[in-house]
Amino acid sequence: MSINRRDLVTWAGAGLAATLPALAQPLSASASAKTATASTAPASGFNVRHFGAVGDGKNLDSKAINAAIEAAADAGGGTVYFPAGVYASYSIRLKSHITLYLDQGAVILAESTPHEGTTGEGYDAAEPQGAWEPYQDYGHNHWHNSLIWGENIHDIAILGQGLIWGKGLSRGWEKQLDLPLSGKPGVGNKAIALKNCHNVLLRDFYILQGGWFGILATGVDNLTIDNLTIDTNRDGMDIDCCNNVRVSNCTVNSPWDDGICPKSSYALGYARITENVTITNCFVTGGYQLGSVIDGTWKEHEPGQKVYKNGRIKFGTESNGGFRNITVSNCVFDKSHGFILESEDGAICEDITLTNITMRDTAGSPIFIRLGSRMRGPKDAKVGYIRRLLINNISSSGATVLPSIISGVPGYAIEDVKISDVYLHQAGGASAEMATLDPPENETQYPDPEMFGEIPATGFFLRHIKNLEMSNVEIATEAPDPRPAFWLKNVDGADFFRLRVPRNNSTGPTPVFDLRQVKDFRVFGSQFIPDFANADIETKKL
């Protein structure tokens, strides 16, 4: 039985049995045998149909799937094979040396949670957590209450061009973040959850409507995620406290939350840094209706539809451990928020490169770097640091009135930042009052580009920074704007070379710089901007 992915979006809205009645009937014995015989799995594979899976989208196949995994594990490992069909399931428990292979037309369907008063096995219970549970959101603290999960296992893979459809999963947002619902026995809220694993490969499959997280990987080392398409209702993938990670060639549409989101939470009971990570050749967006990326129609949201167009690559906000030795390259942001890097809870962030990035219709700041002091974690934790950042070859168009923001807090500066070959096309059109503002610090506030309110710059808002260098940077505005291109405060060492900025607004020349408590400042080699240098500037506009 072959499944057309375009039909899945219809099923999501109308219900599986109502839309395709034929799928509500069990396969005949002869049809099941025919499907099994036609399997393209290797000779050593473990076909879930041989263990009693029906694959009709109506009968529950959890026990058969887990029996196939157990048999493969008992044999020392192997491939658990899903031929075409719709396999309704609750929790699937991975084991070491196991590959799940989803053939074309195979769908693992997250079954709905049984209603109160009815019988049904439901998803595995969320495991107990320690005293550190309040340090991160509920979803980060639990793994077993998922469609597919594994803990303390190794050498595992999920492969193939089939689909994981989290139709019955909770997003954790029901009834205003109804955490009791997410924690209720039998409820699942993640499509794939892995904890303390190593040697993991996820490749080629699709995730539709992945719940709270399409993928949650916590403490997973030697992790490869390649060529996935994730079209989901919250985070696409969260890579938390992981080492040696390769994310490549993925497409993520996540209108209501983040797309690709490395984190470094306290969910393991201690702070663990996320390091040695590459994210490359990926497309992230929040601009398309749920399911329309998978079915190939790419429908934009209807006017007035409540979405956030998040869909971004974001490091944080959970940031107890930190991020080190990271490269994000050759990625496209479309109808989403921009790139975000945050240290809010004591995280160590260093040796990070963002390069070869294009952004269109950015709903917020194209670049947001924040060293804050929220300190959601142990009481003895200290404010972290961000240093040695390289940002180059960035093109952004159609952004909002918010500029890029790089900001530490008093006493804690972001250090050693180099930005080059950047073009930022902003909406402009701000009021004259905005050009006079000095936004509040909001040191402990939840970090996002809107946290400071209105911003007095069109290109870059720069505060509490040590050793900043910019070269070959152009700022353009769609509408005239009275704000300077660059606003600096408490910056020690600022070097600007070859800049291009808007030259005039409707009332006359616009300052390029608004400088406040800036030391060792220099601008040179720019057309229409006079060379200028000064060792100690209290306030000055250029």
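If you're wondering where the values come from, they're calculated on a predicted model, not measured in any experiment.

Caption draft 1: Structural context of the overall build of the protein chain. The helix and strand inventory of the protein chain stands at six helices and 36 strands. Of all 542 residues assigned to the protein chain, the portion counted as buried reaches 58%. A separation of at least 24 residues holds for 72% of the contacts in the protein chain among residues at least 6 apart in sequence. If you sum the accessible surface of the protein chain, you get close to 20,200 Å²; carbon and sulfur atoms cover 49% of it.

Caption draft 2: Quick peek at the sheet that holds strand 11 (residues 190-195). Taking strand neighbours across the sheet as the criterion, the six strands line up as 5-8-11-14-17-20 in an open arrangement whose pairing is parallel. Edge strands, defined here as strands with exactly one partner in the open sheet, are strand 5 (92-93) and strand 20 (260-263). Pairing between strand 5 and strand 8 (residues 148-151): two bridges, direction parallel. Residue pairing in the sheet places Ile92 in a bridge with Ile148 of strand 8.

Caption draft 3: Just the nonpolar core, in detail. Counting residues in hydrophobic clusters, the biggest one holds 106 residues, and the most contacted among them are Phe486 and Phe496. With seven residues, strand 31 (residues 460-479) is the largest single contributor of residues to this core. In contact with Phe496, other than residues within four places in its own chain, are Leu462, Leu468, Met470, Phe486, Leu488, Phe513, Phe521, Arg522, Val523 and Phe524. Ranked by size, the runner-up nonpolar core spans ten residues in total, among them Leu402, Ile405, Phe461 and Trp487.

Caption draft 4: Representation of the confidence of the model for the protein chain within the structure. Put simply, the protein chain has an average pLDDT of 90, and 88% of its residues get 70 or more. When the criterion is pLDDT under 50, residues 9-43 qualifies, and its contacts beyond four places in sequence or with other chains add up to 52 contacts. The model gives residues 175-180 a pLDDT under 50, and that stretch makes seven contacts with residues more than four places away or in other chains.

Caption draft 5: A look at helix 4 (residues 62-74). For helix 4, which comprises 13 residues, the first-to-last C-alpha distance of 18 Å matches the rise-based estimate of 18 Å (1.5 Å per residue) to within 8%. Taken together, the buried positions of helix 4 are occupied by Ser62, Ala64, Ile65, Asn66, Ala68, Ile69 and Ala72. In the stretch just after helix 4, Gly76 is the one whose phi turns positive, near 95°.

Caption draft 6: Highlighting the packing of aromatic side chains. Applying the stated criterion across every chain yields a total of 20 aromatic pairs. Measuring from centroid to centroid gives 5.1 Å for Phe513 and Phe521, while their planes differ by 80°, and the two rings are edge-to-face. Look at Phe513 and you get buried, because its relative accessible area is 0%. Taken together through their ring pairs, the aromatic side chains of Phe460, Phe486, Phe496, Phe513, Phe521 and Phe532 make up a single cluster. Over the face of the ring belonging to Phe452 we find Arg463, whose NZ or CZ atom lies 5.2 Å from the ring centre. Seen from the ring of Phe528, Arg503 lies directly overhead, with NZ or CZ sitting 3.7 Å from the centre.

Caption draft 7: Main features of the environment of Ile148. Tracing the backbone shows Ile148 in strand 8. Residues Ile148 and Arg93 lie 55 residues apart in sequence; the distance between their C-alpha atoms is 6.1 Å. Sequence-distant contacts of Ile148, defined by excluding residues within four places in its chain, comprise Ile92, Leu94, Leu100, Ile108, Ile158, Ile164, Ala191, Ile192 and Ala193.

Caption draft 8: Examining the environment of Tyr270 more closely. Structurally, Tyr270 can be placed in the loop between strand 20 and strand 21 (274-280). Note: C-alpha distance between Tyr270 and Asn320 (50 residues apart in sequence) is 8.6 Å.

Caption draft 9: A look at the side chain of Thr355. Here Thr355 is to be found in strand 26 (residues 348-360). Within polar-contact distance, the side chain of Thr355 engages the side chain of Asn392 at 2.5 Å.

Caption draft 10: How the structure looks around the side chain of Asn243. With respect to the helices, strands and loops of the structure, Asn243 is situated in strand 18 (residues 243-248). Using a relative accessible area of 13% as the deciding quantity, one classes Asn243 as buried. Look past the residues within four positions of Asn243 in its chain and what remains in contact with it is Val220, Asp221, Asn222, Arg272, Ile273, Thr274 and Glu275.

Caption draft 11: How the structure looks around the pattern of salt bridges. Enumeration according to the criterion identifies 31 salt bridges in this entry. Measuring nitrogen to oxygen at the nearest pair gives 3.1 Å for the salt bridge that ties Arg516 to Asp514. Each of the two residues, Arg516 as well as Asp514, counts as buried. If you follow the salt bridges from partner to partner, you end up with Asp137, Asp235, Asp238, Lys263, Glu318 and Arg376 in one network.

Caption draft 12: Looking closely at the pairing of strand 15 (residues 221-226). Here strand 12 (residues 198-203) runs beside strand 15; their pairing, made up of five bridges, is parallel. For Leu202, the partnering residue across the bridge sits in strand 15 and is Ile225. Alignment of strand 15 against strand 18, held across five bridges, turns out to be parallel. In the sheet register, Asp221 faces strand 18, and the bridge partner there is Asn243.

How each quantity is defined
Residues numbered from 1 in each chain as written. Predicted model: local features only at pLDDT ≥ 70, side-chain atom pairs only at ≥ 80, totals over all residues. Heavy atoms only, no water. Helix = DSSP H or I, 4+ residues; strand = E, 2+ residues; numbered from the N terminus. Buried < 20%, exposed > 50% of the residue type's maximum accessible area, 1.4 Å probe, protein only. Contact = heavy atoms within 4.5 Å. Areas by Shrake-Rupley, 256 points an atom, 1.4 Å probe, with all protein chains shown as cover. Pairing = 2+ DSSP bridges. Core = buried A, V, L, I, M, F, W, Y, C linked by side-chain atoms within 4.5 Å. pLDDT = per-residue confidence, 0-100. Expected span 1.5 Å × (residues − 1). Phe/Tyr/Trp six-rings, centres within 6.5 Å; stacked < 30°, edge-to-face > 60°. Lys NZ or Arg CZ within 6 Å of the ring centre and 35° of its normal. Polar contact = N/O pair within 3.5 Å; in protein donor to acceptor, adjacent residues only side chain to side chain. Salt bridge = Lys/Arg side-chain N within 4 Å of Asp/Glu carboxyl O.

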